[in-house]
Amino acid sequence: MTRAEPLPLGAVTLTSGPFARAQQRALRTALELDPDRLLAPYRRESGVPTGTGYGGWETEGLDGHTLGHVLSALSAHAAGGSASARDRVELLLTGLRECQVTLGTGYIGGVPDGVALWHEIDGGRIEPQTFDLDGRWVPLYNLHKVLTGVIDATVYAESALGRTIATEFVAWWIRVFAPISDADVDLILRTESGALAASLARWADHTGDEDAATLAARLAVRALWEPLAAGRDPLDGLHANAQIPLVVGHAVLARQGRGDEFAAAARTFWESVTQHRTTVIGGNSVREHFPPRDDWSSMFTAREGPETCNTVNMVELARELYRLDGKLEHLAFIERALSAHILSMQHPDHGGIVYFTSHRPGHHRVYSRSETGFWCCMGTGLEAPARFAASAFSTGPGQLDVNMLLGSRVQWGDAVVEIETERPFGDDALLHVTVPNPGAFVVRVRVPEGVDAERVEAHIAGTVHGPGPDGWLRIDREWHGRTTVRLVLPPVIRSTEAPDGSGWVSLVDGPRVLAERLAGPPVDTLATDARMGHIARGALLPLADAPVLTPEDLTAARRTDEGTVILPASATRREVVLEPFASLHDDRYVLAFPYARDGDADGRRADLAAEDARADAVDARTIDVVTFGQQQPESDHALALADSESGYDEGAHWRRFGAESTFVLQDWGAAAATMRIGWLGDTSPRRLVVRIDEDVAADVRVAPTRDQDAIEIDLSGYADGRARWSITVSGAEAGTPRLSEARLMSAPIV
């Protein structure tokens, strides 16, 4: 088994190129945040006097999570040599330590009423929902963010204060879970726990704390790793980023030798996600959930494509698996994901961060505004650039591996290695090796994907080296003084089809995933302060307007001197000018093109027109919609959960309600005429009671049936110019049917 160990972040400094520029932009964004406002939730919960915190998710139940992200990001920047980042880390840690000492238990957290939560659990009250535990929004996920932050401050920034806080906080976790039975642990873990197991395992790795490692294994979520370890794929319909961090934990535990089952689970998950659920940019998920592996249609029709958090965490999984298995596919994934998705998710000018990257042709993205929103992706979006170099270089006895070509300076023992490149916007690279004294060692450079392997060359003082069959350029020589290696990496243009064969294709040129920039219609590129402001709400363009490509079109693609790729106009479509997606900001775009593999572009376009017509019947009338059983839509619509269960069947998410539960639908234009509530079939009789204000708007008894059904409620009697509809549903003694959605509409479907 190959065990490739990455160089520590402190040995690598990004010096030039797109990744260095993005890293500095992210550092500025993190330093612009007010430390006192970040600390406010922790001070409030510990009884330390405080001012006002930030808004958005920081006041909607996920209070305090951003500070954890910021600590992790700044700790990595500090490892890379940033003095300002190191100073800010210590300032934040000082504030956290005050809260920890005040409470006196080791606990730190911004979870609203978080201290009481653990007294409730100790007293036997465990009421889990998928994203709610005893009425708190994902408290384990929230707390793991600050736990990871103080661990990163210890590991990356080498902070003594961070070690003190982390030691006491880890001890608190161990103490709290010690008396909880395995059955109750499994119950608690029905609620999203983030990378809690991974963080505890990393702490054990760093400190040798076996109690932390034991707890990490207990918190690894048996309900996920057991089927994966058995080679089964349970991912259809699951919330993607509730699973990926868990599997990062499995990989860490496997690397530590704590169970073959964890290694098997991580490998099964990796294969399922990367081979069957990953798009050309390295992203995954639609509306935060894994679509069916054999039906990707929603990926190319939805507003909400791959979530930034998912890709950041998949990169972490790839890093761990490379340390475990040493496969080039892990490094190739890291390069593609960083070069196409993560580099593109941050605006190069104002630093705003993208939540969803839509793959629907002609749609767009929105970026976070300064000091608003505070979504999960804003946090991970700040962290990811700080760790760009985390797996760029690996080392073994007498050997340095260049896993990814970044503009950087590397200190490896007495040797200094410098890389000059503009990848992914350029292709070639220069590698300079400087040694104080002559010495023999091996430098290996991974041959990137998307190059003409037969023409790849490394030029050194008149000598030419070619790649080996293992995918590496191996340079084994005695090095003197300063030696320059010129790397020639000729790019090739190629296509990537959707893995389910659903008729969509993207183009890639060397390391550059390509997209077409559209001239309009214009869009607002900044997210709003609304609860769902991270979703790009511009009008959806007809799918049939997108250029339909054929195999002949793909072979006709040609590169220009300006760095674009042209698809000349054909009898069935206009000319298409493609540019790197990672540098395409502020405009609508086409990243995935409809594809007619059989050459019948007109037939493919007719299929798209039929889909447009079907969608127009519903989407054009829709003002707002909540999808039940999906975490973010439910949270965005302030769904108050009580006595409910959720699941995924027949390709749809659902939630069944017993007691009354309330949610909110928005109607900014006061145009709502009807509300449509849909459900899946059921084997038992059910009841659906719908209240608007205090009035019973519908009371329906639903007979057993296998068919999906819906009711439409006439809202004309309630139309008083309101912009906000508060809806209450319940099922009385029978429980509701499995509700799939509630849709506020401007006109009924006829």
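Above this text sits the structure in question.
Visitor: Help me out: how do you make sense of the overall build of the chain in this one?
Guide: Along the backbone of the chain there are 19 helices and 33 strands. Taken over C-alpha atoms, the radius of gyration comes to 26 Å for the chain, in line with the 27 Å a tight globule of 750 residues would show. A separation threshold of at least 6 residues defines the contact pool for the chain, and within that pool the share at least 24 residues apart is 73%. Carbon and sulfur atoms make up 48% of the accessible area of the chain, which amounts to about 27,400 Å² in all. On the chain, the mean spot of the 71 positive side-chain charges and the mean spot of the 105 negative ones are 2 Å from each other.

Visitor: What is the right way to read unusual backbone geometry from this model?
Guide: A negative phi angle characterises most non-glycine residues, just as the trans form characterises most peptide bonds. Residue Pro424 is bonded to the preceding Arg423 through a cis peptide linkage, with omega at 10°. Residue placement: Pro424 occurs in the loop between strand 9 (415–421) and strand 10 (429–434). Of the consecutive residues Gly520 and Pro521, the connecting peptide bond is found in the cis state with omega at -5°. One non-glycine residue, Glu158, adopts positive backbone phi at about 55°. Mapping Glu158 onto the fold places it in the loop between helix 6 (139–155) and helix 7 (160–177).

Visitor: Where do I start with the environment of Leu431 in this structure?
Guide: Along the polypeptide, Leu431 turns up in strand 10. Judged by relative accessible area, Leu431 falls into the buried class, the value being 0%. Placed 197 residues apart in sequence, Leu431 and Phe628 show a C-alpha to C-alpha distance of 53 Å. In contact with Leu431, other than residues within four places in its own chain, are Val402, Val417, Glu418, Ile419, Val445, Thr483, Thr484 and Val485.

Visitor: When you look at the side chain of Thr674 in this model, what are you seeing that I'm missing?
Guide: Along the polypeptide, Thr674 turns up in strand 28 (residues 674–680). Looking at Thr674, its side chain comes within polar contact range of the main-chain oxygen of Ile713, at 3.1 Å. Each residue touching Thr674, except ones within four places of it in the same chain, is listed here: Glu712, Ile713, Asp714, Leu715, Arg743, Leu744, Met745, Ala747 and Pro748.

Visitor: Got a minute to help me understand the packing of helix 6 against helix 7 in this structure?
Guide: Two measures define how a pair of helices packs: the angle their axes make with one another and the distance between the axes. At a closest axis distance of 8 Å, the pairing of helix 6 and helix 7 adopts a crossing angle of 145°. As for how helix 6 packs across helix 7, the hand of that crossing is left-handed. On the side of helix 6, the interface is formed by Leu140, Leu143, Val146, Leu147, Val150, Ile151 and Thr154, while helix 7 contributes Gly162, Arg163, Ile165, Ala166, Phe169, Val170 and Trp173. Across the contact of helix 6 with helix 7, the residue classes break down as 11 nonpolar, 2 polar and 1 charged.

Visitor: Which parts of the structure should I look at to understand the sheet that holds strand 1 (residues 5–6)?
Guide: Strand order in the open sheet formed by 5 strands is 1-6-7-11-14, with mixed pairing between adjacent strands. Of all the strands in the sheet, just strand 1 and strand 14 (472–479) have a single pairing partner and so form its edges. Two strands pair when backbone bridges link them, and strand 6 (residues 393–396) and strand 7 (residues 399–402) are joined in this way by 4 bridges, in the antiparallel orientation. Across the sheet, residue Gly396 finds its bridge partner in strand 7, namely Gln399. Along the sheet, helix 15 (residues 328–342) contacts strand 11 (439–446) and strand 14; its crossing angle with strand 11, the most-contacted strand, is approximately 65°.

Visitor: Help me understand the pattern of salt bridges in this model?
Guide: Opposite charge on two side chains permits pairing when their charged atoms draw close. For the coordinates displayed, the defined rule picks out 56 salt bridges. Its salt-bridge partner being Asp134, residue Arg125 comes within 3.9 Å of it at the nearest N-O pair. Given the relative accessible area of 3%, Asp134 is considered buried. In this structure, Arg474 engages Asp476 in a salt bridge whose closest nitrogen and oxygen atoms are separated by 3.8 Å.

Visitor: How should the sheet that holds strand 9 be read in this particular structure?
Guide: Pairing within the open sheet is antiparallel, and its 7 strands lie in the order 2-8-9-10-15-12-13. With one partner strand each, in any of the chains shown, strand 2 (12–14) and strand 13 (463–465) form the two edges of the open sheet. Neighbour-to-neighbour, the strand axes of the sheet open up by a mean angle of 20°, direction not taken into account.

Visitor: Sorry if this is basic, but what is going on with the packing of aromatic side chains here?
Guide: Remark: the centre distance and the inter-plane angle together describe each pair of aromatic rings, the angle taken between the planes. Within this structure, the stated rule accounts for 25 aromatic pairs. With a centroid separation of 4.5 Å and 35° between ring planes, the pair formed by Tyr54 and Phe374 is classed as tilted. Pair noted here: Tyr54 is in the loop between helix 2 (35–46) and helix 3 (65–79) and Phe374 is in the loop between helix 15 and helix 16 (376–386), with a separation of 320 residues, a long-range link. Taking the relative accessible area as the measure of exposure, Phe374 reaches 2% and is therefore buried. Here Trp296 and Phe300 contribute two aromatic rings whose centre-to-centre distance is 6.2 Å and whose plane-to-plane angle is 35°, an arrangement assigned as tilted. Residues Trp296 and Phe300 agree in their burial class; the two are buried. Above the ring of Trp504, the side-chain terminus of Arg604 is found at 5.1 Å from the ring centroid.

Visitor: Please clarify how the side chain of Thr622 should be interpreted in this entry.
Guide: Structurally, Thr622 is set in strand 24 (residues 622–627). For Thr622, the contacting residues outside a window of four places in its chain are Arg743, Leu744 and Met745.

Visitor: What is the right way to read the pairing of strand 15 (residues 482–488) from this model?
Guide: Both faces of the sheet carry side chains from a regular strand, because those side chains alternate between them. Of the strand pairs in this sheet, strand 10 and strand 15 are connected by 6 bridges, and their pairing is antiparallel. For Val433, the partnering residue across the bridge sits in strand 15 and is Thr483.

Visitor: I keep staring at the packing of helix 11 (residues 222–229) against helix 13 (residues 260–276) and nothing clicks. Help me out?
Guide: Direction vectors running N to C along helix 11 and helix 13 enclose 80°, while the axes themselves pass 7 Å from each other. As far as their axial angle goes, helix 13 and helix 11 are roughly perpendicular. Residues Trp225, Leu228 and Ala229 of helix 11 lie in contact with helix 13, whose contacting residues are Glu261, Phe262, Ala264, Ala265, Thr268 and Phe269. Counted by class, the contact of helix 11 with helix 13 contains 7 nonpolar, 1 polar and 1 charged residues.

Visitor: Explain helix 11 to me, please; I cannot follow it from the model alone.
Guide: Count 3.6 residues to each turn of an α-helix, and residues three or four apart come out pointing the same way. Regarding helix 11, the residues found buried are Leu224, Trp225, Pro227 and Leu228. Elements that come into contact with the buried residues of helix 11 comprise helix 12 (240–255) and helix 13.

Visitor: Hey, could you run me through the environment of Leu31 in this one?
Guide: Structurally, Leu31 is set in helix 1 (residues 18–32). Judged by relative accessible area, Leu31 falls into the partly exposed class, the value being 23%. The spatial distance from the C-alpha of Leu31 to the C-alpha of Val248 is 28 Å, given a sequence separation of 217 residues. Those residues in contact with Leu31 that sit more than four places away from it in its chain are Leu74, Ser84, Ala85 and Arg88.

Visitor: Help me out: how do you make sense of the state of the cysteines in this one?
Guide: Simply put, disulfide is the name for a covalent bond between the sulfur atoms of two cysteines. Considering all chains together, one arrives at 0 disulfides under this definition. With no disulfide of its own, Cys376 has Cys309 as its nearest cysteine by sulfur position, at a separation of 3.6 Å. For Cys377, which is in no disulfide, the shortest distance to another cysteine sulfur is to Cys309 and amounts to 3.4 Å. Judged by its relative accessible area of 0%, Cys377 falls in the buried class.

What counts and what doesn't
- Residues numbered from 1 in each chain as written.
- Predicted model: local features only at pLDDT ≥ 70, side-chain atom pairs only at ≥ 80, totals over all residues.
- Heavy atoms only, no water.
- Helix = DSSP H or I, 4+ residues; strand = E, 2+ residues; numbered from the N terminus.
- Rg over C-alpha atoms; globule rule 2.2 N^0.38 Å.
- Contact = heavy atoms within 4.5 Å.
- Areas by Shrake-Rupley, 256 points an atom, 1.4 Å probe, with all protein chains shown as cover.
- Lys, Arg positive; Asp, Glu negative; His and termini not counted.
- Charge placed at Lys NZ, Arg CZ, Asp CG, Glu CD.
- Buried < 20%, exposed > 50% of the residue type's maximum accessible area, 1.4 Å probe, protein only.
- Polar contact = N/O pair within 3.5 Å; in protein donor to acceptor, adjacent residues only side chain to side chain.
- Axes fitted to C-alpha atoms, helices over the stretch in contact; angles between N-to-C directions.
- Left-handed = near helix turned anticlockwise from the far one by under 90°.
- Nonpolar A, V, L, I, M, F, W, Y, C, P; charged D, E, K, R; others polar.
- Pairing = 2+ DSSP bridges.
- Salt bridge = Lys/Arg side-chain N within 4 Å of Asp/Glu carboxyl O.
- Phe/Tyr/Trp six-rings, centres within 6.5 Å; stacked < 30°, edge-to-face > 60°.
- Lys NZ or Arg CZ within 6 Å of the ring centre and 35° of its normal.
- Parallel < 35°, antiparallel > 145°, perpendicular 65-115°, else oblique.
- Disulfide = S-S within 2.5 Å.

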